[in-house]
Amino acid sequence: MKQVKNIILVFMGGLLMVSCNKQIQEKQADPNNPTTVPPALVLGTLLTDISGTGTAGRLSGTNSNEGVNSWDGAHRWNQYHCSNYDYYDNNIYAWTNGSFDPYLVMKNAVQMEKENSTRGAPAVNPYEAVGRFVRAYYYYNLTSMFGDVPQTEALDVAITQSPAYTPQEQVFRYVLAQLDTANTDFASLIASNDNSLSPSQDIMYGGNLVLWQKMVNTFQLRVLVALSNKASDPLLNVPARFAAILGSPSTYPVFSGQADDYKFVYNPGNANTYSTYPFNPTNFGSIAQRFNMADTYVKALTTLNDARVFVTCEPAWAYVAADPNPCKYNYFVGASTGLPLALMYAAAGVDSFSFINRQRYYSNYTGEPNVLVGYKEMCFNIAEGITRGWATGNAETWYKLGITESMAFYGIDVTKTSFTTYFLPKGANSVTQVAPYPYNFDFTTYYAQPSVALSPVTATAINQIVLQKYIASFQNSGYESYYNWRRTGVPAFEGGSGVGNNGIVPIRWAYPVTEQQQNTDNWKKALTAQGFTQDDLNQVMWLLK
C-alpha cells in the first residue's frame, strides 16, 4: 500500500513539474519576438533589399553589392558621375574588404520557402520560384565580383559554419539551373492560375507571375552574355542556351517593352521615407554641386553627337560663356574619375565640369525608377548574342531598337527633330530657377554616322553594341556597366590616383576580412585554386581568362 502511495505521489509530482515547466515556457515566450513569420512579409523584405532601399540591401558605398540604388557607389564605379567632395564620398574603388552580406539575404529567401512549406504549400509555388531567382541574382553578382565563392555549403547552417568555396564555373552552372527551374515553375503556376503571391508585398510586379517569368528569362540572357569569354565551355553550353531562349518564345518568354522592366518605383515617402528618390529637392542645397559628371560617360555621348547628353547633364558653363545656345556638344565636359579630388572640386567650383541635370534629377521625390533588369539592356544583349553567332536573327534590328527605346526613356521621340531641355543657369541656386533651352536632333543623321551604324565587322559591331548599352544603362542595371567594361574594354574606363589601387581600375573585389579570420583554411584554398598570388583587386578570375 505504501509503495502504491509513493507511485501516486511521484506521478502527481511529475504532472506538477510538467505544468510548471509549461507555465514557465509560456511566460518566457516573447509575443513581440515571433519565431515564425508569414512568407509574404519575408518576400517584401527580400525585394526591398534587392532594390537597394532596405536596411540590409542598401549598398554601403564600398563593401556591399546586395542591392544597388539609383545613385549608389556602383554608378560612380561605372564611371557615370563623380563625387567631388570627400565629405560625401570619393571615387576610390575601395574594394579591399568585400562583403558577404548577400548571404544573409539569400538565407532569408530559404526561410521564406520553408515558411511557405510549413503552411502546406505544394513543392512548386510562387515563393519557391521567386526564391530561385533571388539566389541566382545574388550568386551571379557575388561570383562576378569575387571569383570563387561559397555556394554548395553556404546556405545550410546545419552543414558548416565555415563553408568551402565553389569554383566559379560551377557557381554559374548553378545560377543557370536556378533560372531554368524558375522559368519552368512559373510556367506551371501560370497555367494553373495560381494567385497566391502577395500583390502588396511584391513591390516589383504586384504578384504578376507572367512578368516574373519574362524577367527570369531576360535575366538569363544577361548571364549568358556575361559568359561570352566562356562560350566554348561544354558544361555551360552558352550558345545553345541563348538560341533556345530566342527560338522558343512560348517556352522562354522575355520582355516585350519597357513596361515589363524589373524596377523599383520611388515614391514621395510620407511614412516610407526610405523610398524617396535619393536626389531630391530636400538635399538639393547640400549635394547638388558635390556630384559632377564623369568623362567616360559624357565623352561616350558627345563623340557621337548624342542628344541624351542634353537630358542627363548640364553644360560646363565656363565654356558656354556668353553664347545664348548652351546646347552644343563641346560645352559638355566630364571629369576623369581618376582625377585627384582636390583638383576636381576646384574645377567644378568654377563650372569647368558638367553637373547632373538638376531639373531631371532634383525636381521631385520620385525621379526615375531604379531599373534592375530592363528591356533596353535586353535588346543589346540579344544583338550581341546574334552578332556572336549564337542564334539567328537581325542584330541590327535589336541594336537600333535598344537605342530608340533608350532615347524614348529620356523623352526623345526619334520621329521628331525639335526638343526642349532644362538647365540650371550659371549663378542660379534653386532648382525652381531652371530655364528652358531648345535643341535640334535628327535620328536619321545620328544613325548614319559610321561610329553609330552597326558595322558588318563582328568585333567592331560588338564594341558598338556594348557602348550603346553603356549609355542606356546610365543610373540603372547595377554593376552591369562595370562588368561589361571588364569583359570587353568598352568604354575605356579612366584610371589615376583618384581611383585608388595605384591608379588602376580593379578587376575584382578582395574577399571579406572576416573570411580570412573565420574561414581561413577555405579562404586560402580558394586563392590557391584560382591561381591568385594574393587576395587583391588585380587578380584575374576564371570568368576573364
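So, how was this worked out
Residues numbered from 1 in each chain as written. Predicted model: local features only at pLDDT ≥ 70, side-chain atom pairs only at ≥ 80, totals over all residues. Heavy atoms only, no water. Helix = DSSP H or I, 4+ residues; strand = E, 2+ residues; numbered from the N terminus. Contact = heavy atoms within 4.5 Å. Areas by Shrake-Rupley, 256 points an atom, 1.4 Å probe, with all protein chains shown as cover. Salt bridge = Lys/Arg side-chain N within 4 Å of Asp/Glu carboxyl O. Buried < 20%, exposed > 50% of the residue type's maximum accessible area, 1.4 Å probe, protein only. Phe/Tyr/Trp six-rings, centres within 6.5 Å; stacked < 30°, edge-to-face > 60°. Lys NZ or Arg CZ within 6 Å of the ring centre and 35° of its normal. Axes fitted to C-alpha atoms, helices over the stretch in contact; angles between N-to-C directions. Parallel < 35°, antiparallel > 145°, perpendicular 65-115°, else oblique. Left-handed = near helix turned anticlockwise from the far one by under 90°. Core = buried A, V, L, I, M, F, W, Y, C linked by side-chain atoms within 4.5 Å. Arc of directions from axis to C-beta. pLDDT = per-residue confidence, 0-100. Nonpolar A, V, L, I, M, F, W, Y, C, P; charged D, E, K, R; others polar. Pairing = 2+ DSSP bridges.

Colleague: Would you mind going over the overall build of the chain with me for this structure?
Modeller: For the chain, the count of helices and strands is 21 helices and eight strands. Partitioning the contacts of the chain with sequence separation of at least 6, the portion at a separation of at least 24 is 72%. Total accessible area on the chain stands at roughly 22500 Å², and carbon and sulfur atoms take up 55% of it.

Colleague: I'm lost on the pattern of salt bridges in this one. Help?
Modeller: When the charged atoms of two side chains with opposite charge come close together, those side chains can pair. This model, assessed by the stated rule, comprises 19 salt bridges. Of the charged contacts in the structure, one is a salt bridge between R132 and E128, with a shortest N-O distance of 2.6 Å. Note that R132 and E128 are positioned in helix 5 (residues 126-146) at a spacing of four residues, about one turn of the helix. Overall, the relative accessible area of 7% leaves E128 in the buried class. Among the salt bridges present, the one from R508 reaches D535, with a minimum N-O distance of 2.9 Å. With R508 in the loop between helix 19 (480-488) and helix 20 (513-518) and D535 in the segment after helix 21 (520-530), this residue pair connects regions lying 27 residues apart in the sequence. Its relative accessible area of 0% is what places R508 among the buried residues. Residue classification places D535 among the buried positions, given a relative accessible area of 16%.

Colleague: Just to check I follow, could you spell out the packing of aromatic side chains for this structure?
Modeller: Centre distance and the angle of the planes are the two values used to describe a pair of aromatic rings. For the structure on display, the rule yields 64 aromatic pairs. The aromatic ring of W77 is capped on one face by R76, whose charged end is 5.9 Å from the ring centroid. One cation-aromatic arrangement involves R508 over Y511; the distance from NZ or CZ to the ring centre is 5.0 Å.

Colleague: Teacher, can you tell me more about the packing of helix 4 (residues 102-118) against helix 5 here?
Modeller: Helices that pack against each other are described as a pair by the angle of their axes relative to one another and the distance between those axes. Where helix 4 contacts helix 5, the axes come no closer than 9 Å and their chain directions differ by 165°. Relative to helix 5, the element helix 4 lies roughly antiparallel. Our pair here, helix 4 against helix 5, has a crossing hand that is left-handed. Mapping the contact onto sequence places P102, Y103, V105, M106, A109, V110, M112, E113 and N116 in helix 4 and Y127, E128, G131, R132, V134, R135, Y138, Y139 and L142 in helix 5.

Colleague: Explanation requested: the environment of S451 in the structure shown.
Modeller: Inspection of the secondary structure assignment puts S451 in the loop between helix 17 (443-448) and helix 18 (458-472). Excluding anything up to four places from it in sequence, S451 contacts L304 and Q464.

Colleague: Even after reading the chapter, I still don't get the nonpolar core, so can you show me in this structure?
Modeller: Across soluble globular proteins, nonpolar side chains have a tendency to be buried as a group. Grouped together as the largest cluster of nonpolar side chains are 154 residues, with contacts concentrated most on I50, F133, Y139, W212, Y262 and F441. If one sorts the elements of this core by residue count, helix 5 sits on top with 13 residues. Sequence-distant contacts of F133, that is, excluding residues within four places in its chain, are made with I50, L179, W212, M215, V216, F219 and Y262. Membership of the second largest hydrophobic core comes to eight residues, among which are A294, A335, M344 and F353.

Colleague: Mind showing me how you'd approach helix 13 (residues 341-349) here?
Modeller: All of the buried residues in helix 13 are M344, A347 and A348. Looking straight down helix 13, one finds its buried side chains confined to an arc of 100°; they lie on one side. Seen from the buried face of helix 13, the exposed residues on the opposite side, beyond 90 degrees, are A342 and G349. Where helix 13 is buried, its residues touch strand 1 (81-83) and strand 5 (291-293). Positive phi appears at D351, one or two residues downstream of helix 13, with a value of about 65°.

Colleague: Sorry if this is basic, but what is going on with helix 21 here?
Modeller: Count 3.6 residues to each turn of an α-helix, and residues three or four apart come out pointing the same way. Those residues of helix 21 that sit buried are N522, W523, A526, L527 and Q530. Each buried residue of helix 21 sits inside an arc of 140° when the element is viewed along its axis, so together they form one side. For helix 21, the exposed residues set more than 90 degrees away from the buried face come down to D521, K525, T528 and A529. Of the residues one or two after helix 21, G531 is the one with positive phi, at around 75°.

Colleague: Is there a simple way to explain the confidence of the model for the chain in this structure?
Modeller: Predicted coordinates in regions of low pLDDT should not be interpreted in detail. Mean pLDDT over the chain works out to 91, with 90% of the residues at or above the 70 mark. Note on residues 56-65: pLDDT under 50 across the span, and 42 contacts to partners over four residues away in sequence or across chains.

Colleague: Looking at this model, I keep getting lost on the environment of T417. Mind explaining?
Modeller: The topology assignment puts T417 in the loop between helix 16 (395-409) and strand 7 (418-423). Taking relative accessible area as the criterion, T417 reaches 40% and is therefore assigned partly exposed. Counting along the chain gives 24 residues from T417 to F441, while the straight-line C-alpha distance between them is 4.9 Å. Leaving out residues up to four positions away in the same chain, T417 has contacts with Y439, N440, F441 and D442.

Colleague: Would you mind showing me how to read the packing of helix 2 (residues 39-51) against helix 5 here?
Modeller: Between helix 2 and helix 5, the shortest axis-to-axis distance is 12 Å and the interhelical angle comes to 25°. Considering the angle they form, helix 2 stands roughly parallel to helix 5. Helix 2 and helix 5 meet at a crossing whose hand is left-handed. Contacts from P39, A40, L43, D49 and I50 of helix 2 reach helix 5 at Y127, V130, F133, V134, Y137 and Y138. Its residues assigned to classes, the contact of helix 2 with helix 5 shows 10 nonpolar, no polar and one charged.

Colleague: Help me out: how do you make sense of unusual backbone geometry in this one?
Modeller: Between V490 and the following residue, P491, the backbone shows a cis peptide bond with an omega angle of -15°. Take P491: it is sitting in the loop between helix 19 and helix 20. Not every positive phi belongs to a glycine, and N305 is a case in point at roughly 55°. Among the structural elements, N305 can be located in the loop between helix 10 (295-302) and helix 11 (308-312).

Colleague: How should I be thinking about the pairing of strand 8 (residues 435-440) in this particular structure?
Modeller: In the case of a regular strand, side chains alternate between the two sheet surfaces. Of the two faces of strand 8, the one holding A435, Y437 and Y439 is buried and the one holding P436, P438 and N440 is not buried anywhere. Bridge count for strand 7 against strand 8 is six bridges, and the pairing is antiparallel. Note that in strand 8 the partner of T420 across the bridge is P438.

Colleague: So what exactly am I meant to see when it comes to the environment of T152 here?
Modeller: When you line up the elements, T152 lands in the loop between strand 2 (149-150) and strand 3 (165-166). Given a relative accessible area of 46%, T152 falls into the partly exposed group. Setting aside residues up to four positions removed in sequence, T152 forms contacts with T166 and Q170.

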